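Residue-level listing of the chains:
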Amino acid sequence: MPKARTQPQQPVPEQPDRREFLRVVVHGGVLLGATAVGGVAVWQQSGGESIVQAVLPLAAMASLSKLERGAPARFEVTLARRDGWRVVNRSRRVYVTRVAGGETPESFAAFSAICPHAGCEVELAGKQYVCPCHQAKFDEAGAVTAGPAPRGLDPLVLTVQDRDGQPWLHVAWQDYVIGTEERTARTT
Ligand code: FES
């Protein structure tokens, strides 16, 4: 029987002050549409003061060939911050939808699921995104169609990068300032 995975329990000896790292757990696209895409990947890298930006693998491009227009895939990524021996997870949702044929980054569009009104996570409902907190609504392209959101869903940049010898779709995760009409990337 395989042993259960455990989180590191020891402080980092060479860095006695607060240290942060980023661990990303990528669950393949799920739930939306009949096709599950991608796999599971875990890795970590050194972090800065805050975890507001990161390039994360989402799915092998081969698996995304099954992604059809109008049926976005939902990805959950977990950003983990380590404060000494304690690990604090932060889950974030990314929607990826096909906007053109082919298997290039331009074939897809990605949105952060964080509602720009007050930060709740939007849900896909039919062909629109709906915020459960104050009922803001967004169309397929992420534009606001109803409710109090001051701007559309925040787009995320997609790239294709090699991963284990295969091309994978990666997303450049970015936190944005919420509650503003202007889209401003957070840096801290
Ligand atoms: Fe989404 Fe208020 S947080 S509408």
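Now for a look at the structure at hand. Nothing here was measured: the structure is a model prediction, and the numbers come from that model. (Residues numbered from 1 in each chain as written. Predicted model: local features only at pLDDT ≥ 70, side-chain atom pairs only at ≥ 80, totals over all residues. Heavy atoms only, no water.)

## What about the state of the cysteines?
- One pass over the full model with this rule turns up one disulfide.
- The partner cysteine of Cys120 in its disulfide is Cys133, sulfur to sulfur 1.9 Å. Taking the sign of the torsion about the S-S bond as the criterion, the disulfide between Cys120 and Cys133, at about -95°, is left-handed. One end of the pair, Cys120, is in the loop between β6 (108-112) and β7 (123-125); the other, Cys133, is in the loop between β8 (128-130) and β9 (137-138), and 13 residues separate them in sequence. (Disulfide = S-S within 2.5 Å. Helix = DSSP H or I, 4+ residues; strand = E, 2+ residues; numbered from the N terminus.)

## Quick look at the side chain of Arg151
- Topologically, Arg151 is positioned in the loop between β10 (144-146) and β11 (155-163).
- Here Arg151 falls in the buried class, since its relative accessible area comes to 5%.
- A polar side-chain atom of Arg151 sits 2.7 Å from the main-chain carbonyl oxygen of Thr180. (Buried < 20%, exposed > 50% of the residue type's maximum accessible area, 1.4 Å probe, protein only. Polar contact = N/O pair within 3.5 Å; in protein donor to acceptor, adjacent residues only side chain to side chain.)

## A look at unusual backbone geometry
- Phi is positive for Gln135, which is not a glycine, with a value near 65°.
- Mapped onto the fold, Gln135 is located in the loop between β8 and β9.
- Judged by its relative accessible area of 46%, Gln135 falls in the partly exposed class.
- Not every positive phi belongs to a glycine, and Asp164 is a case in point at roughly 55°.
- Residue classification places Asp164 among the exposed residues on the basis of a relative accessible area of 74%.

## Overview of the pattern of salt bridges
- Taken as a whole, this structure holds eight salt bridges when the rule is applied.
- Across the pair Glu103 and Arg98 runs a salt bridge whose closest N-O atoms are separated by 3.2 Å.
- A salt bridge links Arg186 to Asp175, with the shortest nitrogen-to-oxygen separation between them at 4.0 Å. Of this pair, Arg186 sits in the segment after β12 (166-174) while Asp175 is found in the segment after β12, placing the two residues eleven residues apart along the sequence.
- Salt bridges sharing common partners tie together Arg74, Glu76, Arg93, Glu121 and Glu123. (Salt bridge = Lys/Arg side-chain N within 4 Å of Asp/Glu carboxyl O.)

## Section: the packing of aromatic side chains
- Considering all chains together, one arrives at two aromatic pairs under this definition.
- Judged by centre distance (6.1 Å) and plane angle (65°), the ring pair of Phe111 and Tyr129 falls under edge-to-face. Of this pair, Phe111 sits in strand β6 while Tyr129 is found in strand β8, placing the two residues 18 residues apart along the sequence.
- Since its relative accessible area comes to 1%, Tyr129 is described here as buried.
- Among the aromatic residues, those joined into a cluster by ring pairs are Tyr95, Phe111 and Tyr129.
- In this arrangement the basic side chain of Arg163 is found over the ring face of Trp168, its NZ or CZ atom lying 5.3 Å from the centre. (Phe/Tyr/Trp six-rings, centres within 6.5 Å; stacked < 30°, edge-to-face > 60°. Lys NZ or Arg CZ within 6 Å of the ring centre and 35° of its normal.)

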